[in-house]
Amino acid sequence: MAPPADLRDWIALLEREGELVRVTAEVDPDLEVTEIVDRTVKAGGPALLFEHPKGAQRPLLINQFGTERRMCMGFGVDRLDDIAAKLEDILEMQPPQGLAEKVRGLKTLKSIADSRPKTVRRAAHHDIVLEGEDVDLDLIPIQTCWPGDAAPFITLPAVITRDPRTGSRNVGMYRMQVLDERTTAMHWQIHKDGRADYLMTDGKLEVAVALGLDPVTAYSASAPLPKHVDELMLAGFLRGEAVEMVQARTVDLEVPANAEIVLEGYITKDELTAEGPFGDHTGYYTPPEPFPVFHVTAMTMRRDAIYPSIVVGKPPQEDAWLGKATERIFLPAIRMSVPEIVDYDLPVAGAFHNCCIVSIRKSFPGQPQKVMHAIWGLGLLSLTKAVVVVDEWVDVHDYEEVFFRVGANVDPKRDVLISEGPLDHLDHAPSLQFYGGKLGIDATHKGPEEGARPWPDEIQMSEEVRRLVDERWDEYGLGDVPQGNGRPERSLSQLLRR
């Protein structure tokens, strides 16, 4: 199944699959929507289309990514790991040995070439064009999510800039605090590429913001790609067709033609404002800090534009599945850098940057520590606060099993590594912002070369007895057969909702 072509196509698919509820009652984007969504997300409920948000002329779509099934539907796959398999084929390309391999290689190269964004002349969001004094952000139902938030915030944007040095495009997802009907703050954190573009400009930096995209392109704005890799090219590759782009009206940038709403404008170097507080994905409010001011020079939108939003807060929230998609999609790239890694998990309860669980093929002393340091030097994973390393046969997504290994296999004197390094901009725990302690836990089996006593055998039932019980289970009258670990098998979504 091909991924949806735009937000309308996506909404229609959600509705056909029973994954969307239209809310016809008038609902206030000021706090009320958040409370409804918070309950819905935590119950594994549907996407919600609020057709009559109070005080606005456009409907509001939220919780579109809130379950594993919907995330897979948005990408047109059965499992999130299927997306990673596509990228793995590219990363592992070798010189072809025979004709069949050459043909497969050519198809792969053509798929990459076809992924580049292509320019078109017309976009649906050109139905309504507001410029200058006519721009009015109050036309769209921007949420105030939590009682302590400083103002309404745009929370699901694709923010487009160009590197002033190279001209390369960056697309990122950065929250935007509404200051008035024509300006917002732009939350460019210290480690983000948008901030790097801002710091490199001498005067004005042109900016465009696309709202209401197809699910793959919307996701790609949140993907932690290297600065030289175009997020829209990744979106094209994952969609199986190029993202169509159209020239903006008042800035020299291209914007997705399938967007519902586009904001165009600029940011002036060193014009800052107090941004925040904001109830963040850490589960705490981030305090006010100075961030750049975005001046909106034009607002274009479909005649019946739909505004997309997302709520972040104490996990799990809808962003859990955006993060899980990133976890799965980038596993092949991480394995290319650290080949002994088998799998990894970024627990939702750890707000993704607080903890990373890694399973490895261990072959020499000190390898778990090597992997810890590798994680702490790898892109945005470098911001990870704690790394837990387990053996290759441990399921990193089963947190009970991981905790069992930490309790059973760890001698704190020998197996706990305390280090230091960069931390996430939003982490309130360290004494210094952006920098603090790192924790590594080696929960692998140990050998004599690591100073361990003879390691005991792990308890396992014999295969003969397991087969016997499997064959006779119906005779026992005990109902469905539990999995071999004595517990019913749990999906990743069930683990997230525990």
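Residues numbered from 1 in each chain as written. Predicted model: local features only at pLDDT ≥ 70, side-chain atom pairs only at ≥ 80, totals over all residues. Heavy atoms only, no water.

1. Section: helix α14 (residues 463-476)
Definition in use: The helix count covers DSSP runs of H or I at least four residues long, the strand count covers runs of E at least two residues long, and both are numbered beginning at the N terminus. Expected helix span is computed as 1.5 Å times (number of residues minus one). The bend reported for a residue corresponds to the angle between axes fitted to the seven residues ending at that residue and the seven starting there.
Taking 1.5 Å as the rise per residue, α14 with 14 residues should run 20 Å; its terminal C-alpha atoms sit 19 Å apart, in good agreement. Of all the bends found along α14, the most pronounced is centred on D470 and spans about 40°. Where α14 terminates, the next one or two residues include G477, which has phi positive at roughly 65°.

2. Thoughts on the pattern of salt bridges
Using the following cut-off: A pair is scored as a salt bridge if a Lys or Arg side-chain nitrogen falls within 4 Å of a carboxyl oxygen belonging to Asp or Glu. Residue exposure (1.4 Å probe, protein chains only): buried if accessible area is under 20% of the type maximum, exposed if over 50%, otherwise partly exposed.
In the structure shown here, the tally under the stated rule is 39 salt bridges. With a closest N to O distance of 2.7 Å, R175 and E275 form a salt bridge. With R175 in the loop between β8 (169-172) and β9 (176-180) and E275 in strand β14 (residues 261-275), this residue pair connects regions lying 100 residues apart in the sequence. Comparing R175 with E275 shows no difference in burial state: the two are buried. Between D280 and R175 there is a salt bridge, with its nearest N and O atoms 2.6 Å apart. With D280 in the loop between β15 (278-279) and β16 (285-286) and R175 in the loop between β8 and β9, this pair connects stretches of sequence that are 105 residues apart. Comparing D280 with R175 shows no difference in burial state: the two are buried.

3. Quick notes on the pairing of β9
So the rule is basically this: When DSSP finds two or more bridges between a pair of strands, those strands are recorded as paired.
When strand β6 (residues 153-154) meets β9, the two strands line up antiparallel, connected through two bridges. The residue of β9 that forms the bridge with I154 is M176. Sheet topology note: the β9/strand β10 (residues 183-185) ladder contains two bridges and is antiparallel. Counted as the bridge partner of D180 is T183 from β10.

4. What to know about unusual backbone geometry
Most peptide bonds are trans, and most residues other than glycine sit at a negative phi. Here the residue pair G276 and P277 is connected by a cis peptide bond, since its omega of 5° sits within 30 degrees of zero. Assignment of secondary structure puts P277 in the loop between β14 and β15. The omega angle of the peptide bond from P315 to P316 is 5°, so this bond is cis rather than trans. By the secondary structure assignment, P316 is in the loop between β18 (307-308) and α9 (319-329). One non-glycine residue with positive phi stands out, namely N63, at about 65°. By the element assignment, N63 lies in the loop between β3 (60-62) and α3 (68-75).

5. Some details on the confidence of the model for the chain
What counts here: Summary of the metric used: pLDDT quantifies the predictor's per-residue confidence within the range 0 to 100. In what follows, residue pairs with any heavy atoms lying within 4.5 Å of each other are defined as contacts.
Of the residues in the chain, 91% reach a pLDDT of 70 or more, and the chain-wide mean stands at 90. In the model, residues 488-498 has pLDDT below 50 throughout and makes 23 contacts with residues more than four positions away in sequence or in other chains.

6. Observations concerning the side chain of D163
Relative to the assigned elements, D163 resides in the loop between β7 (158-162) and β8. When near neighbours in sequence (up to four residues on either side) are disregarded, D163 contacts S168, D197 and K227.

7. Remarks on the sheet that holds β3
Strand order in this open sheet of four strands is β1-β2-β3-β18, and the pairing throughout is mixed. Here the strands that pair on one side only, and so sit at the sheet edges, are β1 (20-27) and β18. The sheet contact formed by β1 and strand β2 (residues 47-53) spans six bridges and is parallel. Of the residues in β2, the one forming a bridge with V23 is F50.

8. Details of the packing of α3 against α9
For clarity, the threshold we go by: Each axis is a line fitted through C-alpha atoms, taken for helices only over the stretch in contact, and angles between the N-to-C directions span 0 to 180 degrees. Between 65 and 115 degrees an angle is taken as roughly perpendicular, under 35 as roughly parallel, over 145 as roughly antiparallel, and anywhere else as oblique. Here a crossing is taken to be left-handed if its near helix is turned anticlockwise relative to the far helix by less than a right angle, and right-handed if that turn runs clockwise. When residue character is reported, Ala, Val, Leu, Ile, Met, Phe, Trp, Tyr, Cys and Pro are called nonpolar, Asp, Glu, Lys and Arg charged, and the others, Gly included, polar.
Close contact between α3 and α9 brings their axes to 10 Å; oriented N to C, the two are set at 60°. Taken together, the axis directions place α3 and α9 in an arrangement best described as oblique. When you trace α3 past α9, the crossing you get is right-handed. Residues E68, M71 and F75 of α3 touch α9, and the partners they reach there are W321, L322, A325 and I329. In the contact of α3 with α9, the residues fall into six nonpolar, no polar and one charged.

9. Remarks on the environment of N354
The condition is simple: Two N or O atoms count as a polar contact when they lie within 3.5 Å, although within protein this holds only if one can serve as hydrogen donor and the other as acceptor, and sequence-adjacent residues are included solely when both atoms are side-chain atoms.
Counting through the fold element by element, N354 comes out in the loop between β19 (341-345) and β20 (355-360). Since its relative accessible area comes to 24%, N354 is described here as partly exposed. As a C-alpha pair, N354 and K385 span 31 residues in sequence and 4.8 Å in three-dimensional space. Leave out the neighbours within four places in its chain, and N354 touches K385, A386 and D427. Of the polar contacts made by the side chain of N354, one reaches the side chain of H353; its length is 3.1 Å.

10. Digging into the sheet that holds strand β21 (residues 386-391)
Read from one edge of the open sheet, five strands run β19-β20-β21-β23-β22, paired in mixed fashion. Since the sheet does not close on itself, it has two edges, and those belong to β19 and β22 (416-422), each with one partner. Each neighbouring strand pair of the sheet contributes to a mean axis angle of 25°, computed without reference to strand direction. Where β21 and strand β23 (residues 435-442) come together, four bridges link them in parallel fashion. Note on β23: the bridge partner recorded for V388 is I441. Sitting on the sheet, helix α12 (residues 399-409) is in contact with β19, β20, β21 and β23, with an inclination near 85° to β21.

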